[in-house]
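Here are the chains, one letter per residue:
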Amino acid sequence: MASIMSRNQHLRCIRRTLFTYTQHHLKTTKPSSPSNQLHSGFSNVFQSRLKPPSQSVTSLTRERYALNLYHRFLCSNPENPKSKNPEEAATEGGEKESESSHQTDQNAGKSVRGAPVSWLSFFLLILTGGGVIYYYDQEKKRHIEDIHTASTAVKQGPSVGTPLIGGPFNLINHDGKPVTNKDFLGKWNLIYFGFTHCPDICPDELQKLAAAIDKIKEKAGIEIVPIFISVDPERDTVEQVHDYVKEFHPNLIGLTGSVDEIRKVARAYRVYYMKTEEEGSDYLVDHSIIMYLMSPNMEFVKYFGKNEDVDSLTNGIIKEVKQYRK
């Protein structure tokens, strides 16, 4: 409001100056009386409008034009003491934003400090959790090591945890003579259960067995008696077994018998066998693929599975025989 009043006063001052300046330049003679002066002023003004513009009138017009422009400038661009340039506004805005952000940070700090969980308790929580995880990991490793040590200790002694495998049997050898388990006392025996019509697994295992007993005798001077027991008594006759075992090793002994006797010896040695794909007389027998190492007393020492090769089978049997003799 003060700026508007100041502008109006300024405009009135300019008009007053313009009016005085106009009267001064339009006055040509000093009138004798007020009436003559007024009449002379009007006539001069009228004559000045009808006559061509002179030099004084031209300068007067320019001055009035300049004053009009100045008047328009004042009217269109009033001074506003409250307005600010963009730089000042931006500076003030930045200061307000910084103040607001600083206040927000202070509030955030207060909220953290006032929260139920402080930074110290959070750090202690992380430290405790890490300690628990580390302790659990160490205990797990120790437990695994204990299991591994215990399993290794069991394997070292042949008499520790020895399963009840083996027993008496009455069978017929490949020469047609009746034999029992007592006929094999006094020597180390390696027994394998299979059948003569086996297409691939039994031949592979018997070849491995034959190669291993030869290497054992060569390396350690230990004589092992290889024994083949049929789990297919219906087809494996004495003649069939005789021809079959001679294809692998001259010392391989083949045994067969009645269905009941084969069932008893298979149960005594924990051997699984079952007919599969039966079509008349042509069928296969699914059975356990295991070799049993028996001591000179015909007691079970250790078994060897299909995953053993000739070298590992040879070394394993030599190791077990040496430990048994101690």
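Cut-off values and rules
Residues numbered from 1 in each chain as written. Predicted model: local features only at pLDDT ≥ 70, side-chain atom pairs only at ≥ 80, totals over all residues. Heavy atoms only, no water. Helix = DSSP H or I, 4+ residues; strand = E, 2+ residues; numbered from the N terminus. Buried < 20%, exposed > 50% of the residue type's maximum accessible area, 1.4 Å probe, protein only. Contact = heavy atoms within 4.5 Å. Areas by Shrake-Rupley, 256 points an atom, 1.4 Å probe, with all protein chains shown as cover. Phe/Tyr/Trp six-rings, centres within 6.5 Å; stacked < 30°, edge-to-face > 60°. Lys NZ or Arg CZ within 6 Å of the ring centre and 35° of its normal. Polar contact = N/O pair within 3.5 Å; in protein donor to acceptor, adjacent residues only side chain to side chain. Axes fitted to C-alpha atoms, helices over the stretch in contact; angles between N-to-C directions. Parallel < 35°, antiparallel > 145°, perpendicular 65-115°, else oblique. Left-handed = near helix turned anticlockwise from the far one by under 90°. Nonpolar A, V, L, I, M, F, W, Y, C, P; charged D, E, K, R; others polar. Pairing = 2+ DSSP bridges. Salt bridge = Lys/Arg side-chain N within 4 Å of Asp/Glu carboxyl O. Core = buried A, V, L, I, M, F, W, Y, C linked by side-chain atoms within 4.5 Å. UniProt positions renumbered as here; feature names shortened; annotations may be inferred. Disulfide = S-S within 2.5 Å.

Undergrad: Can you help me understand the overall build of the chain in this one?
TA: Per the secondary structure count, the chain includes 9 helices and 9 strands. Burial analysis of the chain (326 residues in total) assigns 28% to the buried set. Of all intrachain contacts in the chain linking residues separated by at least 6 positions in sequence, the fraction that spans at least 24 positions is 71%. When the accessible surface of the chain is split by element, carbon and sulfur atoms take 57% of a total near 22500 Å².

Undergrad: What's the story with the packing of aromatic side chains in this structure? I'm lost.
TA: Both the distance between ring centres and the angle between the ring planes are used here to describe each pair of aromatic rings. For the coordinates displayed, the defined rule picks out 8 aromatic pairs. Relative to Phe248, the ring of Tyr244 has its centre 5.1 Å away and its plane inclined at 65 degrees; by these criteria the two rings are edge-to-face. In terms of burial, Tyr244 and Phe248 fall into one category: buried. Plain terms: the ring middles of Tyr292 and Phe300 are 6.2 Å apart, the flat faces sit at 65 degrees to each other, and that makes the pair edge-to-face. For the residue pair Tyr292 and Phe300, the accessibility class agrees, reading buried in each case. Across from the ring centre of Tyr283, 3.6 Å away, lies the NZ or CZ of Arg235, which sits over that ring.

Undergrad: What should I look at first to understand the side chain of His287 in this one?
TA: Here His287 shows up in strand β7 (residues 282-287). Classification of His287 as buried rests on a relative accessible area of 8%. A distance of 3.4 Å separates the side chain of His287 from the backbone oxygen of Phe193, its partner in a polar contact. For His287, the residues in contact, after removing those within four places along its chain, are Tyr192, Phe193, Gly194, Phe195, Cys202, Val231, Tyr272 and Tyr273.

Undergrad: What is the right way to read the packing of helix α6 (residues 201-220) against helix α9 (residues 310-325) from this model?
TA: In a pair of packed helices, the angle between the axes and the distance between the axes together describe the arrangement. With their axes 9 Å apart at the nearest point, α6 and α9 run at an angle of 50 degrees to one another. If you check the angle between α6 and α9, you find them oblique. Where α6 crosses over α9, the two elements pack in a sense that is right-handed. Contacts between α6 and α9 involve Lys208, Leu209, Ala211, Ala212, Lys215, Ile216, Lys219 and Ala220 from the first element and Val310, Asp311, Leu313, Thr314, Asn315, Ile317 and Ile318 from the second. Of the residues assigned to the contact of α6 with α9, the class counts are 9 nonpolar, 2 polar and 4 charged.

Undergrad: Whenever I open this one, the sheet that holds strand β5 (residues 253-256) confuses me. Can you help?
TA: Sheets are built from strands paired through backbone hydrogen bonds, the pairs being either parallel or antiparallel. Reading across the sheet, the 7 strands line up as β2-β1-β5-β4-β3-β8-β9 and stay open at both edges, with mixed pairing between neighbours. Edge positions in the sheet fall to β2 (178-180) and β9 (300-304), since each has one partner strand and no second. Taken over all neighbouring pairs, the strand axes of this sheet differ in orientation by 35 degrees on average, direction set aside. Here 7 bridges tie strand β3 (residues 188-194) to strand β4 (residues 224-230), and the two strands are oriented parallel to one another.

Undergrad: I would appreciate a short explanation of the pattern of salt bridges in the present structure.
TA: As a working rule, side chains carrying opposite charge can pair if their charged atoms are close by. The tally for this structure, following the rule as stated, stands at 8 salt bridges. Between Asp232 and Arg235 there is a salt bridge, with the nearest N and O atoms lying 2.7 Å from each other. Both residues of the pair, Asp232 and Arg235, count as buried. Taking the shortest distance from any N to any O, the salt bridge between Asp260 and Arg263 comes out at 2.8 Å. Of this pair, Asp260 and Arg263 both sit in helix α8 (residues 259-268), 3 residues apart, roughly one helical turn. The exposure class assigned to Asp260 is partly exposed, which follows from its relative accessible area of 46%.

Undergrad: Looking at this model, I keep getting lost on the nonpolar core. Mind explaining?
TA: Considering soluble globular proteins, one finds that nonpolar side chains tend to be buried as a cluster. In terms of nonpolar packing, the biggest core is built from 51 residues, with Phe193, Ile229, Tyr269 and Ile317 touching the most fellow members. With 6 residues, α6 is the single largest residue contributor to this core. What Ile229 contacts, discounting residues up to four positions off in sequence, is Leu171, Ile191, Tyr192, Phe193, Gly194, Leu255, Ile262 and Val265.

Undergrad: Any chance you could explain the UniProt feature "binding site: Cu cation" (unreviewed entry) in the chain here in plain terms?
TA: Here the UniProt-annotated "binding site: Cu cation" (unreviewed entry) positions come out as Cys198, Cys202 and His287. Over a stretch of 90 residues, the named residues converge on one spot in the fold, their C-alpha atoms separated by at most 10.4 Å. By the secondary structure assignment, Cys198 is in the loop between β3 and α6. Assessed through its relative accessible area of 9%, Cys198 is described here as buried.

Undergrad: Can you walk me through the state of the cysteines in this structure?
TA: Disulfide: a covalent bond formed between the sulfur atoms of two cysteine residues. What the rule picks out here adds up to 0 disulfides. Left unpaired, Cys198 is separated from the closest cysteine sulfur, that of Cys202, by 3.1 Å.

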